[in-house]
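Here are the chains, one letter per residue:
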Amino acid sequence: MIDCYGVFGNPIKHSLSPIIHTQFAEQTGLNIQYDKILAPIDDFVHSAKSFIDQGAKGFNITVPFKIEAFNLATKLSLNAKTAGAVNTIKVNGNELIGENTDGIGLVNDLTKNLSINLNNKTILILGAGGATRGILLPLLKQIPKRLMIANRTASRAEQLALDFSSHGKTCGFGLDKIKDTPVDVIINATSASLDGKMPTIANGVANGAICYDLMYGMQTPFMDWAKANNAKMIVDGLGMLVEQAAAAFEFWTGKQPNTQEVIKNLRG
Ligand code: ATR
């Protein structure tokens, strides 16, 4: 018997998830099929339900369906609830359990693969959209000294900081209010790179910092900026991609894959 899983998105052509999950299945000796599924922009729910009817055990959800997946789930983990979005669903009889592994994926890449201790560190996140909301709780669980959210639209950063203030020390402000003094970690969670842009912010903040871009598969303007401004370490989001997949795989199968091996293979 082969267990069926997949990833829904639009577009989905370039997704690396099938390669990653196939390697996880080989490592753990499980018989799994993992497909890319292009759902119509206005009909994710129908596509997901027909996949479930075909006997799927679970699936991942990527852009732009994570909020619809949140609404489709019949039960939510705390991570999914606070993220307001679901990237993983486990089918359990009639129950659809929604989880969000994005933040766990980022934290595992930083702390395990890159050996970065986030406890008592100052973290600056650029952006206050869905990507930021998805990573905040797992980051705050590391108990940083301070977690700052800076956004082009200041009010969105202020609101997000307020929403998460019961989970740790958060503050939110406009990108123009970033101070010219170094922080420990900067995370780019804006979608500015998609337009080939790096927001103009105080350059000194990157001096000696670890600069992490959630994007992968390209040298982003943020990474160029980090290099030009003496960052200590510059990382793309490929490790996070593999780690979020591993957390989903474990959620479905109970098996923990070897992520470092898969990251090494993908980096070629
Ligand atoms: P996602 O789910 O990827 O987070 P989103 O919710 O649309 O997508 O959020 C995109 C984020 O990137 C926002 O924080 C956005 O800033 P605004 O809230 O001011 O729109 C940020 N962003 C997008 N393009 C940007 C740019 N050129 N410069 C600065 N920030 C940008």
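What you see is a predicted model; the values in this text were computed from it and never measured. (Residues numbered from 1 in each chain as written. Predicted model: local features only at pLDDT ≥ 70, side-chain atom pairs only at ≥ 80, totals over all residues. Heavy atoms only, no water.)

Undergrad: Explain the sheet that holds strand β11 (residues 210-213) to me, please; I cannot follow it from the model alone.
TA: In sheet architecture, strand pairing relies on hydrogen bonds along the backbone and comes in two forms, parallel and antiparallel. Within the open sheet, the six strands sit side by side as β9-β8-β7-β10-β11-β12. Their pairing is parallel. Only two strands of the sheet have a single neighbouring strand rather than two, namely β9 (170-174) and β12 (233-235). Taken pair by pair, the neighbouring strands of this sheet meet at an average axis angle of 15°, ignoring direction. The pairing of β11 with β12 spans three bridges and is parallel. Bridge pairing in β12 links C211 to I234. Packed on one face of the sheet, helix α6 (residues 130-140) meets β7 (122-126), β8 (146-151), β9 and β10 (185-188) and runs near 170° to β7. (Pairing = 2+ DSSP bridges. Helix = DSSP H or I, 4+ residues; strand = E, 2+ residues; numbered from the N terminus. Axes fitted to C-alpha atoms, helices over the stretch in contact; angles between N-to-C directions. Contact = heavy atoms within 4.5 Å.)

Undergrad: Would you mind going over the sheet that holds strand β3 (residues 58-61) with me for this structure?
TA: Pairing is mixed in the open sheet, where six strands are placed in the order β2-β1-β3-β5-β6-β4. Strand pairing shows two members of the sheet lacking a second neighbour, β2 (32-38) and β4 (75-76), which therefore form its edges. Along the sheet, helix α1 (residues 17-28) makes contact with β1 (3-9), β2 and β3, crossing β2 at roughly 170°.

Undergrad: I tried to follow the side chain of T190 on my own but got confused; where do I start?
TA: Tracing the backbone through its elements, the reader meets T190 in the loop between β10 and β11. A relative accessible area of 17% means that T190 is categorised as buried. Of note is the side chain of T190, whose polar atom sits 3.2 Å from the backbone nitrogen of A192. Beyond its immediate chain neighbours, meaning those up to four positions away, T190 contacts L126 and G127. (Buried < 20%, exposed > 50% of the residue type's maximum accessible area, 1.4 Å probe, protein only. Polar contact = N/O pair within 3.5 Å; in protein donor to acceptor, adjacent residues only side chain to side chain.)

Undergrad: So what exactly am I meant to see when it comes to the nonpolar core here?
TA: One broad rule of soluble globular proteins: the nonpolar side chains tend to lie buried together. Counting residues in each nonpolar core, the largest one holds 27 residues, and the members touching the most others are L106, I125, L139 and I187. Elements with a contribution of two residues or more to this core: α5 (102-113), β7, α6, β8, α7 (154-163), β10 and β11. Examining the composition of this core, we find that five residues originate from one element, α6, more than from any other. Beyond its immediate chain neighbours, meaning those up to four positions away, I187 contacts L106, I123, L124, I125, L126, I135, L139, Y212 and L214. In terms of nonpolar packing, the next biggest core, distinct from the first, is built from 21 residues, L175, I186, M223 and W225 among them. (Core = buried A, V, L, I, M, F, W, Y, C linked by side-chain atoms within 4.5 Å.)

Undergrad: Whenever I open this one, the packing of aromatic side chains confuses me. Can you help?
TA: Aromatic rings considered in pairs are described by the distance between their centres and by the relative angle of their planes. Here the structure, examined in full by the defined rule, presents nine aromatic pairs. Aromatic pair Y34 and W252: ring centres 6.4 Å apart, planes at 45°, arrangement tilted. Within this pair, whereas Y34 is found in strand β2, its partner W252 is found in helix α9 (residues 238-253), the two being separated by 218 residues in sequence. With relative accessibility at 7%, the residue Y34 sits in the buried group. Given the relative accessible area of 10%, W252 is considered buried. (Phe/Tyr/Trp six-rings, centres within 6.5 Å; stacked < 30°, edge-to-face > 60°.)

Undergrad: Explanation requested: the packing of α1 against α9 in the structure shown.
TA: What describes two packed helices is the angle between their axes and the distance between those same axes. Contact pair α1 / α9: the axes reach a minimum separation of 10 Å and the direction vectors enclose 50°. Regarding the angle of α1 to α9, the classification is oblique. Considering how the two elements wind past one another, α1 and α9 form a crossing that is right-handed. Two secondary-structure elements touch here, α1 through I20, H21, F24, A25 and T28 and α9 through L241, V242, A245, A246, F249 and W252. (Parallel < 35°, antiparallel > 145°, perpendicular 65-115°, else oblique. Left-handed = near helix turned anticlockwise from the far one by under 90°.)

Undergrad: I tried to follow the environment of L214 on my own but got confused; where do I start?
TA: Within the secondary structure, L214 sits in the loop between β11 and α8 (221-228). Under the relative-accessibility criterion, L214 is labelled buried at 16%. Along the primary structure L214 and L106 are separated by 108 residues, whereas in three dimensions their C-alpha atoms are 8.2 Å apart. Those residues in contact with L214 that lie beyond four places of it in its chain are L106, A131, I135, I187, N188, A189, G237 and M240.

Undergrad: Please clarify how the domain arrangement of the chain should be interpreted in this entry.
TA: Accessible area lost upon the coming together of the parts is a frequently used measure of interface size. With domains assigned, the chain is organised as domain 1 (3-100) and domain 2 (103-238). Placing a centre on the C-alpha atoms of domain 1 and another on those of domain 2 gives a separation of 27 Å. Approximately 650 Å² of surface area, both sides summed, lies buried where domain 1 meets domain 2, with 59% of it carried by carbon and sulfur atoms. At the surface where domain 1 touches domain 2, the tally comes to zero residue pairs in polar contact (both at pLDDT 80 or more). When its residues are assigned to classes, the side of domain 1 that touches domain 2 shows three nonpolar, three polar and no charged. (Domains from an automatic or database assignment. Buried area = accessible area lost by both parts, 1.4 Å probe. Nonpolar A, V, L, I, M, F, W, Y, C, P; charged D, E, K, R; others polar.)

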